[in-house]
Amino acid sequence: MLPRAAARLPFNPLTAWPLAWAALAVVVGLALARLPLPLAAALLVGVPVLALAVWEPSIGLGLALILGPTRAYLSVALPSLPVDLGQLFFALAALGWFTRALVERRIALGRPAVPLLVPLGVYLFVCLLSLLSATALDEGLKEWLKWAEIALAVVIVVNEAQRGRVRAFVAAVLLAGLAQALLALWQARLRGTGPAGFLLGDGTYRAYGTFEQPNPLGGFLGLLWPVAAGLAWAALEPYALAALRWAVKFIGLSRTQRSSLPFPTR
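Computed from a predicted model, the values in this text were never measured in an experiment.

The rules behind these values
Residues numbered from 1 in each chain as written. Predicted model: local features only at pLDDT ≥ 70, side-chain atom pairs only at ≥ 80, totals over all residues. Heavy atoms only, no water. Salt bridge = Lys/Arg side-chain N within 4 Å of Asp/Glu carboxyl O. Helix = DSSP H or I, 4+ residues; strand = E, 2+ residues; numbered from the N terminus. Buried < 20%, exposed > 50% of the residue type's maximum accessible area, 1.4 Å probe, protein only. 1 Å grid on protein atoms, 1.4 Å probe; cavity = no way out; pocket = protein on both sides within 12 Å on 5 of 7 lines; lining within 4 Å. Points joined across faces, edges and corners; volume = space filled by probe spheres on them. Nonpolar A, V, L, I, M, F, W, Y, C, P; charged D, E, K, R; others polar. Phe/Tyr/Trp six-rings, centres within 6.5 Å; stacked < 30°, edge-to-face > 60°. Core = buried A, V, L, I, M, F, W, Y, C linked by side-chain atoms within 4.5 Å. Contact = heavy atoms within 4.5 Å. Expected span 1.5 Å × (residues − 1).

**Q** An account of the pattern of salt bridges is requested, with residue identities and associated values reported.
**A** If you walk through the whole model with that rule in mind, you get six salt bridges. Salt-bridge contacts for E139 lead to K142; the nearest nitrogen and oxygen are separated by 3.9 Å. On the criterion of helical spacing, the pair formed by E139 and K142 is a turn pair, its members being three residues apart in helix 8 (residues 137–162). Since its relative accessible area comes to 41%, E139 is described here as partly exposed. Put simply, K146 and E143 hold a salt bridge, and the shortest N to O gap is 3.2 Å. Of the two residues, K146 and E143 are both situated in helix 8; the distance of three residues between them amounts to about one turn of the helix. Using a relative accessible area of 36% as the deciding quantity, one classes K146 as partly exposed. Put simply, E56, E160, R163 and R165 are held in one network by salt bridges that share partners.

If you want it as structure tokens, here you go:
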């Protein structure tokens, strides 16, 4: 039994938590010291990132969007990699979102998602019926699950956007597009070499990004550049209109002439 003086000592969480974290740091440090350097580095960086993807689903979805296009490249560069990073972070984001919804006892589709989910649900139902006569059920089910993931992603994005995570999603979209565009520019114009099948008549090469094929890269950037252009115009519109107003006043248009212009001049 503890002495009475020790038994009467109050528990102070302000000192207990730092001691607990210090003890955990010592244990983790000793474990990392005994592991090979690549594995230790992977654990030291990977475990916090994985935990963060579950804790904050918007981060998990953002990483899935950024890392998803690297699947084809990693399958060649790192064939021993056991998982698809895009699918991994999407699963972690879905787990984090579903866990939070259970804790809060509230699973809502989100009103903005309904116009997308209704036709997508019909499409999924029809596709599921078509699997009844599929010659390769496993391949068909794999493709069906991809569309089901899109429906789940719509729900998660709408719910997380209502929590104020819109900027995080937009940043992930722009970062993914920028990374692929810069890599494509290097492959097409700066590197000076590439796969023989992608060689064009003027000595340049078709870019393929991390997709390992030009067409998927073109489709990916074709979906993202209108988003980037729209955001850029929204940011620059006030300055552009101010410059146009100044130009109109500078060239001395009359009030009648200014009223016929397609933009406000006041």
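There's more to say after this.
**Q** Break down the layout of surface pockets for me, with residues and values.
**A** By volume, the largest pocket amounts to about 1400 Å³. Elements represented by at least two residues in the lining of the largest pocket include exactly helix 4 (57–67), helix 6 (85–103), helix 8, helix 9 (166–190) and helix 10 (214–251). Tallied by class, residues from the lining of the largest pocket come to 22 nonpolar, four polar and six charged. There is about 230 Å³ of room inside the second largest pocket. In this structure, the second largest pocket is lined by A42, G46, V49, L50, L81, V83, L85, L88 and F89. Those elements that place two or more of their residues in the lining of the second largest pocket are helix 3 (37–55) and helix 6. By residue number, the principal contributor to the lining of the second largest pocket is helix 3, which donates four residues. Taken together, the residues of the lining of the second largest pocket break down into eight nonpolar, one polar and no charged.

**Q** Before we move on, could you go through the packing of aromatic side chains and cite the residues and values that matter?
**A** Applying the stated criterion across every chain, the model contains three aromatic pairs. Taking the centre distance of 5.0 Å and the plane angle of 65 degrees together, the rings of Y123 and W147 count as edge-to-face. One end of the pair, Y123, is in helix 7 (residues 114–130); the other, W147, is in helix 8, with 24 residues separating them in the sequence.

**Q** Let's hear about the nonpolar core: which residues, and what values?
**A** One finds L61, F89, A113, L117, A151, V154 and I156 to be the most contacted residues of the largest nonpolar core, which totals 19 residues. Every element with two or more residues in this core is listed here: helix 4, helix 6, helix 7 and helix 8. Aside from chain neighbours lying at most four places away, what touches L117 is L109, A151, V154 and V155. Core analysis: the next-biggest nonpolar cluster, separate from the first, contains nine residues, A207, F211, F220 and L224 among them.

**Q** Now, about helix 8: what can you tell me, with residues and values included?
**A** For helix 8, spanning 26 residues, the distance from its first C-alpha to its last is 38 Å, which sits close to the expected 38 Å at 1.5 Å a residue. Among the residues of helix 8, G140, A151, V154, V155, I156, V158, N159 and E160 are the ones counted as buried. Phi for G164, located one or two positions after helix 8, is positive at around 85 degrees.

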